[in-house]
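# Working through the structure, step by step
Take a look at the letters that make up each chain.
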Amino acid sequence: MNIELVLGYCAIIAVLLISPGPSALLSINNGINYGKKIAAIGVLGNVFAFQILTLIGASGLGIALTTFTGTLIAIQLIGAGYLCYLGLKILSSPATKLSAKGVKSTFKPSPWKIFRQAFLVTSLNPKALIFIIALLPQFITDSEKLTPQIAILCIISASIHFTIYFGYALLAENVAQISSSDLGRKVFDRLSGITFLIFGIGLASTNIAN
């Protein structure tokens, strides 16, 4: 692929992923509450979901999905409902406790649960699919074979995705170790829950058809 196209794709993906959103917030929340190891599993869920969306966007299936407004609206409402569910769950859960050595939650979720949560948050966002469908044609050269180009773009986005989101989780864990007051953690958990609710309501109220 043309080096200019690769660099342009890197820049756009980096800007997209650095921007605050529910997936980034979930990585931060996992980093604070469970530490970098558990958070990394969640990040892998985000990355895996994004790669699936990329493959869908590169195929005719992506265009077909965006053509049927009813399908997009269904995905939108399910995704919004799931974000609201996460928000309510965080608000109703007791604040996690820290040990003297750092992040150590009194409740350890299963790795599969963390992976599934992150996967669903990313995959049930129709705006991400629409973004990918609009983005990919700008970085695909018609004269070259499609499969190698998609493979390169997937590897690039996966690498950037994991680096940025794991960086968020790692930074969050370090902040949690420095500021370990129960009040501060309780306030953060409540703000996280409210923010997920806001994301969910915002997604549900978006006119995804336009």
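For the structure given in this document, a descriptive report is provided here. Sequence order as written defines residue numbering, which begins from 1 separately in each chain. Only residues with pLDDT of at least 70 get local features here, since the model is predicted, and only at 80 or more are side-chain atom pairs given and counted; chain-wide, interface and lining totals rely on the full set of residues. Water and hydrogen atoms were dropped before computing side-chain values, which therefore reflect all heavy atoms in the structure.

## Digging into the environment of Leu55
To keep it simple, the criterion reads: Under the scheme used here, helices are H or I runs from DSSP no shorter than 4 residues and strands are E runs no shorter than 2 residues, and both carry numbers assigned from the N terminus. The criterion used for residue contact is that any of the two residues' heavy atoms lie within 4.5 Å.
The residue Leu55 is located in helix α3 (residues 36-58) in this model. Once residues lying within four places of it in the same chain are set aside, the contact partners of Leu55 are Ile150 and Cys154.

## Considering the nonpolar core
Our working definition: Among buried residues, the Ala, Val, Leu, Ile, Met, Phe, Trp, Tyr and Cys ones that are joined through side-chain atoms within 4.5 Å form a nonpolar core. Relative accessible area decides the class of each residue, using a 1.4 Å probe on protein chains only: under 20% of the type maximum gives buried, over 50% gives exposed, and in between gives partly exposed.
One finds Tyr9, Ile13, Leu17, Leu153, Ile160 and Tyr165 to be the most contacted residues of the largest nonpolar core, which totals 24 residues. Among the elements of the structure, α1 (3-18), α3, α7 (126-135) and α8 (146-178) are those that each provide at least two residues to this core. By residue number, the principal contributor to this core is α8, which donates seven residues. With near-sequence residues (within four places) excluded, Leu17 lies in contact with Ser157, Ile160, His161, Ile164, Tyr165 and Tyr168. Counting 12 residues, the second-largest nonpolar core is a separate cluster that includes Ala118, Val121, Leu124 and Phe196.

## Description of helix α2 (residues 22-34)
To be explicit about the condition: A helix is expected to span 1.5 Å multiplied by its residue count minus one.
Relative to the 18 Å expected for 13 residues at 1.5 Å per residue, α2 spans 17 Å between its end C-alpha atoms, a close match to the ideal helical length. Directly beyond the C-terminal end of α2, a positive phi value near 90° is found at Gly35.

## Looking at the packing of aromatic side chains
What counts here: Working definition: rings of Phe, Tyr and Trp (its six-membered ring) pair if their centres are within 6.5 Å, and the pair is stacked with planes under 30 degrees apart, edge-to-face with planes over 60 apart, and tilted otherwise.
Enumeration according to the criterion identifies eight aromatic pairs in this entry. The interplanar angle of 35° and the centroid separation of 5.9 Å between the aromatic rings of Phe48 and Phe119 together place this pair among those described as tilted. With a gap of 71 residues between them, Phe48 in helix α3 and Phe119 in helix α6 (residues 111-123) connect regions that are remote in the sequence. Taking the relative accessible area as the measure of exposure, Phe48 reaches 46% and is therefore partly exposed. Ring geometry for Trp112 versus Phe115: centroids 5.9 Å apart, planes at 20°, classification stacked. On the criterion of helical spacing, the pair formed by Trp112 and Phe115 is a turn pair, its members being three residues apart in helix α6. Since its relative accessible area comes to 55%, Trp112 is described here as exposed. Through a chain of ring-to-ring contacts, three or more aromatic side chains come together here, namely Phe48, Trp112, Phe115 and Phe119.

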